[in-house]
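Per-entry structural report
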Amino acid sequence: MDLRIFTEPQQGATYDTLLTVAKAAEDLGFDAFYRSDHYVSMGGGDGLPGPTDAWITLAGLARETSRIRLGTLMTAGTFRLPGVLAIQVAQVDQMSGGRVELGLGAGWYEREHTAYGIPFPKEKFGRLEEQLAIVTGLWATPAGETFDYDGKYYQLKESPALPKPVQAKIPVLIGGHGAKRTPALAARYADEFNIPFASIDDSRRQFGRVREAAEAEGRKKDELVYSNALVVCVGRTDAEVARRAAAIGREVDELKANGLAGSPAEVIDRMGQYAATGSTRFYLQMLDLGDLDHLELISAEVQSQLN
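Residues numbered from 1 in each chain as written. Predicted model: local features only at pLDDT ≥ 70, side-chain atom pairs only at ≥ 80, totals over all residues. Heavy atoms only, no water.

Attention now goes to unusual backbone geometry. Omega for the bond connecting leucine 73 with methionine 74 falls within 30 degrees of zero, at -20°, which places this linkage in the cis form. When you line up the elements, methionine 74 lands in the loop between strand E3 (69-72) and strand E4 (75-76). Residue proline 163 is bonded to the preceding leucine 162 through a cis peptide linkage, with omega at 0°. You can see proline 163 is positioned in the loop between strand E7 (155-159) and strand E8 (172-175). (Helix = DSSP H or I, 4+ residues; strand = E, 2+ residues; numbered from the N terminus.)

Moving on, we come to the pairing of strand E5 (residues 100-105). Here E5 lies mainly inside the structure; 6 of its 6 residues are buried. Taking every second residue as pointing to the same face, both faces of E5 are buried, with Val100, Leu102 and Leu104 on one and Glu101, Gly103 and Gly105 on the other. In terms of strand pairing, E3 meets E5 through 2 bridges, oriented parallel. The partner of leucine 70 across the bridge, within E5, is valine 100. Both E4 and E5 contribute to a ladder of 2 bridges, which runs parallel. Across the sheet, the residue bridging to alanine 76 is glycine 105, located in E5. Between E4 and its parallel partner E5, the chain crosses via helix H3 (residues 82-96), and the hand of that crossover is right-handed. (Buried < 20%, exposed > 50% of the residue type's maximum accessible area, 1.4 Å probe, protein only. Pairing = 2+ DSSP bridges. Right-handed = clockwise from strand over helix to strand, strands pointing away.)

Our focus in this paragraph is the packing of aromatic side chains. What the rule picks out here adds up to 7 aromatic pairs. With a centroid separation of 4.6 Å and an interplanar angle of 20°, the aromatic rings of tyrosine 39 and phenylalanine 79 are classed as stacked. Within this pair, whereas tyrosine 39 is found in the loop between strand E2 (32-35) and helix H2 (54-64), its partner phenylalanine 79 is found in the loop between E4 and H3, the two being separated by 40 residues in sequence. Accessibility expressed as a relative area gives 18% for tyrosine 39, which makes it buried. Classification of phenylalanine 79 as buried rests on a relative accessible area of 15%. (Phe/Tyr/Trp six-rings, centres within 6.5 Å; stacked < 30°, edge-to-face > 60°.)

All right, on to the pairing of E7 then. Note: strand E6 (residues 147-150) against E7, 3 bridges, orientation antiparallel. Its bridge partner being in E7, tyrosine 149 is matched across the sheet by leucine 156. Where E6 hands over to E7, the hairpin turn is made up of 4 residues, counted between the paired strands.

On to the packing of helix H1 (residues 15-27) against H2. Axis separation between H1 and H2 bottoms out at 10 Å; the angle between their running directions is 45°. Viewed along their axes, H1 and H2 adopt a mutual orientation that is oblique. Crossing hand, H1 versus H2: right-handed. Here Tyr15, Leu18, Leu19, Ala22 and Lys23 of H1 come into contact with H2, specifically with Thr57, Gly60, Leu61 and Glu64. (Axes fitted to C-alpha atoms, helices over the stretch in contact; angles between N-to-C directions. Parallel < 35°, antiparallel > 145°, perpendicular 65-115°, else oblique. Left-handed = near helix turned anticlockwise from the far one by under 90°. Contact = heavy atoms within 4.5 Å.)

Right, dumping it as structure tokens:
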């Protein structure tokens, strides 16, 4: 069972804060450090001191960490042209020595697009499909050959398809709740399927859809990794759980119903229920990035038991 740390820097975090969390996660034995890709805070917060860019952040972390894997849940397809994204991710993979993973989604939060002058196209899913074809196609093109693509939204002609990543295959994550198009896209392009903030029943249903789509695509149904992203709030005592819940503006009962919350034993049991759906990896959404004791507790009393 892999445990990965998942951060939401748009809510308010400097690069130095993210570096501190990433280094702590690496030292404590977590499998990966992930971040969201947003430019505007959500839920009423002011987002101070302001946004950090996902791939600039990961480039910095690539040079300042040595083991932990690095990635996005999810890079917004609306933010980057696919050819440029392929170059960025390949370069960060080189900078990290081959530790990068790409979560790619369609983009959905219109407010951040209007806030920073980013076009917000009506048809996003079709663009995402072409972006996945282009990014993976550029990486897969043998050195010395060129890549062409003639799509509805993007056209590439005689691309040198450089640079190449260090990894022979950068893992690609696709996720979401869509019942038809999302599973089909995952079956075609993904190494991992992630469902964010979903119940156990919803996870089971969606993983089932992806398995069926994978088989229809000619892949083995368990060839993909299946994972959940869930908010985490762990404490040794009820008071500690309540304190951590209050720090992120949430109620304990709601967190227990919709995330991984409670004592280490309660969280391990909850993870076991998700694991029964086929999930083998958890992205632990850490909303209080100043609480490194929380990371230490999860490492010492949750991760150690799972291992």
